[in-house]
Amino acid sequence: MKYKQIEDKIILKAEDSFEIEQILECGQCFRFHKLAQNDYVIVAKGKVLRILQTKEEIILYPTSAEEFENLWSSYFDLDKDYDIIKRHLAEKDIHLARAVQFAPGIRILRQEPWECLISFIISQNKQIPHIKQVVENISRMFGKYICTFEGYDYYTFPTIEQLAMANEQELRNCKAGFRAPYIMDACQKVKNKEVELEKLANMPYEEAKKELLKIKGVGPKIADCVLLFGIGHEEAFPVDVWVKRVMEYFYFNRDTSPNEIQAFAKEYFGNLAGIAQQYLFYYARQLRLGK
DNA sequence: GCCCAGGCACTCA
DNA sequence: TGAGTGCCTGGG
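Bear in mind that the values here come from a model prediction, so they are computed numbers and not experimental data. (Residues numbered from 1 in each chain as written. Chains lettered and ligands numbered in written order. Predicted model: local features only at pLDDT ≥ 70, side-chain atom pairs only at ≥ 80, totals over all residues. Heavy atoms only, no water.)

Caption draft 1: Just the overall build of chain A, in detail. When helices and strands are tallied, chain A shows 14 helices and 8 strands. A compact globule built from 291 residues should have a C-alpha radius of gyration of about 19 Å, and chain A, at 19 Å, falls within 12% of that. Taken over the C-alpha atoms alone, chain A extends approximately 50 × 45 × 35 Å along its principal axes. In chain A, which comprises 291 residues, the share counted as buried stands at 52%. Here the analysis covers contacts within chain A between residues at least 6 apart in sequence; of these, 65% occur between residues at least 24 apart. Looking at chain A as shown, the accessible area adds up to about 13,700 Å², and 48% of this sits on carbon and sulfur atoms. (Helix = DSSP H or I, 4+ residues; strand = E, 2+ residues; numbered from the N terminus. Rg over C-alpha atoms; globule rule 2.2 N^0.38 Å. Buried < 20%, exposed > 50% of the residue type's maximum accessible area, 1.4 Å probe, protein only. Contact = heavy atoms within 4.5 Å. Areas by Shrake-Rupley, 256 points an atom, 1.4 Å probe, with all protein chains shown as cover.)

Written out as C-alpha cells, the structure is:
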C-alpha cells in the first residue's frame, strides 16, 4: 500500500475499505481508546499508535516507515484487497450485500495469537466494555509500562512468561472472575508447549481448532475467534449470540444450533466465511437484528 | 433487587 | 449426544 511519511507520521490515502471506527468497534479487538470521532489510540505489538482518520487521509503516529512496513501494514492487513472480497460477498445475496454496504470499512486485524487467546477467554459472558476493562487490568498488573499519551498510561499485554507468574487471586483481582483458572490453564499449556500457537497457522483449520480446544475455557466459539483474529484462518466462523441471531434471521427462520449454522456457513461462504461473519456480526449488533 | 451479557464446563439422561 | 444449569461481575 502506498503511503507517505512526514516526520513521525505515516499518512495513507483514505479508502472505502478502511474505516478505523468500524475496524475497532466491530468486536475483534479490545485494546483501543477512543479520543474523539475517528481518532483512536491502540496498543498492539508492544507499541502505542494513534490513528486519526479524516475525509482524505489516515494518519498513523508516532511511527516510522520501517515500523509501518514491518508491523502496522500486516496488522491492518493492508495487502489484502477487500474490494474484491466485498464484491464476491455482495453477489451472494441481498442480506450480505446490505451488511457489506453497512460497514464497508471493516478489515480483519492480524492480532497476536497469545493476546487474542487470553482476550477471548475473558470475553465469555461479558460485554465489550467489561472485556476491555479486564484486559486492561491484566496489562497494567502484569505487562510492561510503555508510555503516557494524552493523559493515559499504556502497558503492553503480558508475555506468556509474565502472565504465567499470576496466581488465581491476582487474576480475580483483575475481575477475571470464574475465568481465572482458564487463564492459568492457557498459560500452562502454552508455556509447556502442549499447545503451540506458532504452529497453528500452518495446520489445517480443523486440526488447529482441535489444538485450541485442549485449553480449559476454550470452546468452539473462542477457538474460532482466535483462529480468525489471531492466526489468520479465514474459514473460521465464530458463532456467538449475535451471529446466531442474524443467521437465523436471514437464512433459517427458526432456532438453529451453532453446529448447523457453522456447516451452512462453510458450504455457503467457503473460505471467506470468517470475513463474511464480521460484516454480519457488526450489522446485526448495530441494528440489534433478531433481538 | 433482578436479569442478562459476544460461552463453557459439568452433570445427568 | 443433547439439554439444563451455574458461574464472576457490572450495568440497565
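Caption draft 2: Structural detail: the side chain of aspartate 93. You can see aspartate 93 is positioned in the loop between helix 3 (82–92) and helix 4 (94–102). Although aspartate 93 lies buried, it forms no salt bridge, and the closest oppositely charged side chain, lysine 92, sits 7.7 Å away as judged by the N-O distance. (Lys, Arg positive; Asp, Glu negative; His and termini not counted. Salt bridge = Lys/Arg side-chain N within 4 Å of Asp/Glu carboxyl O.)

Caption draft 3: Inspection of the sheet that holds strand 3 (residues 32–36) at higher detail. The strand order 1-2-6-5-4-3 describes an open sheet built from 6 strands, whose pairing is antiparallel. A strand with exactly one partner marks an edge of an open sheet, and here the two such strands are strand 1 (4–6) and strand 3. Across the sheet, the mean angle separating the axes of adjacent strands is 25° when strand polarity is ignored. Sheet analysis places strand 2 (residues 9–13) next to strand 6 (residues 57–61), joined by 4 bridges and oriented antiparallel. Bridge pairing links isoleucine 11 to isoleucine 59 in strand 6. (Pairing = 2+ DSSP bridges. Axes fitted to C-alpha atoms, helices over the stretch in contact; angles between N-to-C directions.)

Caption draft 4: Geometry of unusual backbone geometry. Following tyrosine 61, the chain continues to proline 62 via a peptide bond in cis, the omega torsion being -5°. If you trace the backbone, proline 62 turns up in the loop between strand 6 and helix 2 (65–75). Its identity is not glycine, yet lysine 193 carries a phi of approximately 70°, on the positive side. The topology assignment puts lysine 193 in the loop between helix 9 (180–191) and helix 10 (205–212).

Caption draft 5: Structural context of the domain arrangement of chain A. For chain A, the domain assignment lists domain 1 (3–79) and domain 2 (113–231). Summing both partners gives a buried area of about 1,500 Å² for domain 1 against domain 2, and 69% of it is carried by carbon and sulfur. Three residues, Phe30, Arg31 and Val48, lead the burial of domain 1 against domain 2; their summed loss comes to 47% of the area buried on that side. Viewed at the interface, domain 2 and domain 1 are joined by 2 salt bridges. Residues glutamate 136 and arginine 31 are paired through a salt bridge, measuring 3.5 Å at the closest nitrogen-oxygen approach. Seen at the junction of domain 1 and domain 2, the total is 5 residue pairs in polar contact (both at pLDDT 80 or more). Listing elements by their share of the side of domain 1 that touches domain 2, those giving two or more residues are strand 3, strand 4 (39–44) and strand 5 (47–53). Broken down by class, the residue content of the side of domain 1 that touches domain 2 amounts to 6 nonpolar, 4 polar and 3 charged. (Domains from an automatic or database assignment. Buried area = accessible area lost by both parts, 1.4 Å probe. Polar contact = N/O pair within 3.5 Å; in protein donor to acceptor, adjacent residues only side chain to side chain. Nonpolar A, V, L, I, M, F, W, Y, C, P; charged D, E, K, R; others polar.)

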